[in-house]
Each structure stands twice: as structure tokens, then as C-alpha cells.
Amino acid sequence: MTAEPESTGESPSLPQVKPTSKAGRDLPAAIGVGVAFGVLLLLGLFFPPVMVFTAALTAGVGAWEVAHALNDKRGHGIPAVATGALTVMTVVASYIHGVLGLVICTAVSAVILLVWTLLLSGHRRTANIPAATLGILGTLLWVPVLMSIPIVYLGSVERGWLGILMILLMAISNDTFGYIAGVNWGRHPMAPKISPKKSWEGLAGSIIGSALVAIVTLIIVGQPWWYGLLVAPVMVVASTAGDLMESVVKRRLGVKDMSNILPGHGGMMDRLDSILFAAAAGCLIFGTVMPL
């Protein structure tokens, strides 16, 4: 009769599970990534080349992600690396040459990517060409153009750093207060078929939080406090629109995240989705009707 192994009285070890938030993310990793970006952006307010470098690099990675996803899930044959490289060029040129640099680089990028895709498509189904064309133009308008608008603002407005600071603070408060309100009081989904976790309560929290932060900041820097009441709703709506747009794209492609390059966030576009729209909207406002 075989003797049974003596029990040690210890329970079997269980695999360690990374802590996740109610939103389904690795919260410590997400916070770490957010802090790293925050430090770079803060340095960029004092040293504009750092801001341009950060914007160009993140936009380049984001554009690569979009092109790669379109290729992987739809077989468009878009040169993903070239798309990312041209996006970096567009953002840098927008800072140096302003609107002219943005327009010329966007047009040149579209021609290069379309010709490249057409040449490479000889080994692919020709039915992909119309879809690839839409994919290229959509990617260029979505990532490099929207990212370049705040960079043009930064390089052409005397106190552009102040507008960028306002946008960053409002973006942080938008995410923070929206997350708190959504997790604790979110009961009514805004777009359940597109983004089930986004609620009207979260939207209200984002608007209130962004407005309060904007008002306090404007008072500190000696600007009209009521700007915050007008800008906050526009910024939050633009941010939400960007988030929902990426959710639609991901659902159409059948992916949860654009990539897994950023721990706790997914892909670069999963971090940029709302910021691109909000930053572009904020800079257009501060650069025209409400100069700081």
C-alpha cells in the first residue's frame, strides 16, 4: 500500500492576478504610462522641441497602428511603416512651417501612400484599392492632421504654451472626473452598441470637472474665468466623439485594442483617440474666438 504524501497544511499556490480596475484595465500600469506622458508634456511646455518630439512620435506610432490594423483585418496593403514615418514628418513640418507645412505634407503623404499601395497591390486583390484609398485618407485626416493642429498653434501663437496647458489640464480632468462619475454613478449608457461602459453620468462628470479646472486655471493666469464655461463642453464633446469614433473603428475591425504597445492602455491610438479631437478643437477655439 503506497503511503500518501504528508500534508504540509499549506494551501496550493495560486497564479498571481494583476489588479485591474472596474474599467477592465491594469490600473497601476495605466497610471505609470500616464505619468510618463505627463512628464514629457510638462517638459514640452518649457522646451517646445520636447512637445513636438512627443507629439510626432506618438502620432507616428498611432498612424502605424491604424494602417497595420487595416492591413491585418481588411487586407488593404497600406505601407504601415511609411504611414508612420510620413506622419512624423507632417507634425514636425507643421511646427516649423505652420499651416503651409501641414497642407503640403498631408498632400505629399497622400500621393506617396496611394502610389505605393497601388504598386504593391499588384500581388493583391484589386478590390482592395478603393477601400485602401479611403483607409489612407481617413488615417491621414484622423492622426497627423488632428495632431498637427495644436502643433501649428504652439508654433505660431505667442502664448501658445498657455493654450496647450489649458488643453492638457482639461483633458486630464475630463478623463479623471468622467472615470470617477462613470464608475460610481454611471447607470445610463450613452452608446451601448458602440461603447457600453460610457455613460451619460460620466459625460456630466467630465463637463463639470473640466469646467472647474478650467475656471481655476484661467483665474490664476489672469484670463476671463467664463471661458471655462464655454470651452469645457466643447472639449468634452469633442473628446467623447473621438473616443466613440475609435470604438466604431475597432468594432468594425473586430479588435479590442489597436495594439498592446502601452501597458494598461492597449495601443497608442487607445490613448490618443479622445485627445486628438479635444486638442484640435481647443486650439481652434483659443486661436480664433477666445485668444489667451
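Residues numbered from 1 in each chain as written. Predicted model: local features only at pLDDT ≥ 70, side-chain atom pairs only at ≥ 80, totals over all residues. Heavy atoms only, no water.

Some thoughts on the layout of surface pockets
- The volume enclosed by the second largest pocket comes to roughly 260 Å³.
- Residue lining of the second largest pocket: 15 residues in total, with L70, G135, V249, R252 and L253 positioned closest to the centre.
- Those elements giving two or more residues to the lining of the second largest pocket turn out to be α2 (48–74), α4 (128–156) and α7 (227–253).
- Residue contributions to the lining of the second largest pocket reach at least three from each of two domains, namely domain 1 (46–156) and domain 2 (157–291). (1 Å grid on protein atoms, 1.4 Å probe; cavity = no way out; pocket = protein on both sides within 12 Å on 5 of 7 lines; lining within 4 Å. Points joined across faces, edges and corners; volume = space filled by probe spheres on them. Helix = DSSP H or I, 4+ residues; strand = E, 2+ residues; numbered from the N terminus. Domains from an automatic or database assignment.)

Examining the UniProt feature "transmembrane region" (unreviewed entry) in the chain
- Per the UniProt entry, the sites bearing "transmembrane region" (unreviewed entry) are residues 27–47, 95–119, 131–154, 160–181, 202–221, 227–249 and 270–290 in this numbering.
- Annotated as residues 95–119, this span is 100% helix and 0% strand, and its ends, taken at the C-alpha atoms, are 32 Å apart.
- Taken as a whole, residues 131–154 contains 100% helix and 0% strand, while its terminal C-alpha atoms sit 34 Å from one another. (UniProt positions renumbered as here; feature names shortened; annotations may be inferred.)

Some details on helix α6 (residues 200–220)
- With 21 residues, α6 ought to run about 30 Å at 1.5 Å a step, and its terminal C-alpha atoms sit 30 Å apart, in line with that.
- Listed in full, the buried residues belonging to α6 are G202, L203, G205, S206, G209, S210, A211, A214, I215, T217 and L218.
- Those residues of α6 that are buried are in contact with α5 (160–185), β1 (189–191), β2 (195–199) and α7.
- Phi turns positive, to about 75°, at G222, one or two residues after α6. (Expected span 1.5 Å × (residues − 1). Buried < 20%, exposed > 50% of the residue type's maximum accessible area, 1.4 Å probe, protein only. Contact = heavy atoms within 4.5 Å.)

Side note on the environment of A280
- Turning to its location among the elements, A280 is positioned in helix α8 (residues 268–287).
- For the pair A280 and Y153, spaced 127 residues apart in sequence, the C-alpha separation works out to 9.3 Å.

With respect to the side chain of T117
- Among the structural elements, T117 can be located in helix α3 (residues 80–120).
- The buried category is assigned to T117, whose relative accessible area is 4%.
- One polar contact links the side chain of T117 to the main-chain carbonyl oxygen of L113, over a distance of 2.7 Å.
- Sequence-distant contacts of T117, defined by excluding residues within four places in its chain, comprise H76, G77, I78, P79, I129, A132 and I136. (Polar contact = N/O pair within 3.5 Å; in protein donor to acceptor, adjacent residues only side chain to side chain.)

Digging into the nonpolar core
- Formed by 34 residues in total, the largest nonpolar core has its most connected members in V66, V91, W142, V143, M147, M269 and L276.
- Counting only elements with at least two residues in this core, the list comes to α2, α3, α4 and α8.
- Of the residues forming this core, the biggest block, 10 residues, is contributed by α2.
- Of the residues that make up this core, three or more belong to each of domain 1 (46–156) and domain 2 (157–291).
- Apart from residues no more than four positions distant in its own chain, V143 is found in contact with A59, G62, A63, V66, T87, M269 and L276.
- If you look at the next biggest cluster of nonpolar residues, it comprises 23 residues, including L45, M170, A211 and A278. (Core = buried A, V, L, I, M, F, W, Y, C linked by side-chain atoms within 4.5 Å.)

A look at the confidence of the model for the chain
- Averaged over every residue, the pLDDT of the chain is 85; residues scoring 70 or more account for 85%.
- Summarising per-element confidence for the chain, the mean pLDDT is lowest in helix α1 (residues 27–46) (75) and highest in α3 (94).
- Between residues 1–21, whose pLDDT stays under 50, and residues either more than four places distant or in other chains, the model counts 9 contacts. (pLDDT = per-residue confidence, 0-100.)

Some remarks on the pattern of salt bridges
- Within this structure, the stated rule accounts for 5 salt bridges.
- Salt-bridge contacts for K198 lead to D243; the nearest nitrogen and oxygen are separated by 2.9 Å. Placement of the pair is K198 in strand β2 and D243 in helix α7, with a sequence separation of 45 residues.
- Across the pair K256 and D257 runs a salt bridge, and its minimum N-O distance is 3.9 Å.
- Looking at K256, the relative accessible area reads 60%, which means it is exposed. (Salt bridge = Lys/Arg side-chain N within 4 Å of Asp/Glu carboxyl O.)

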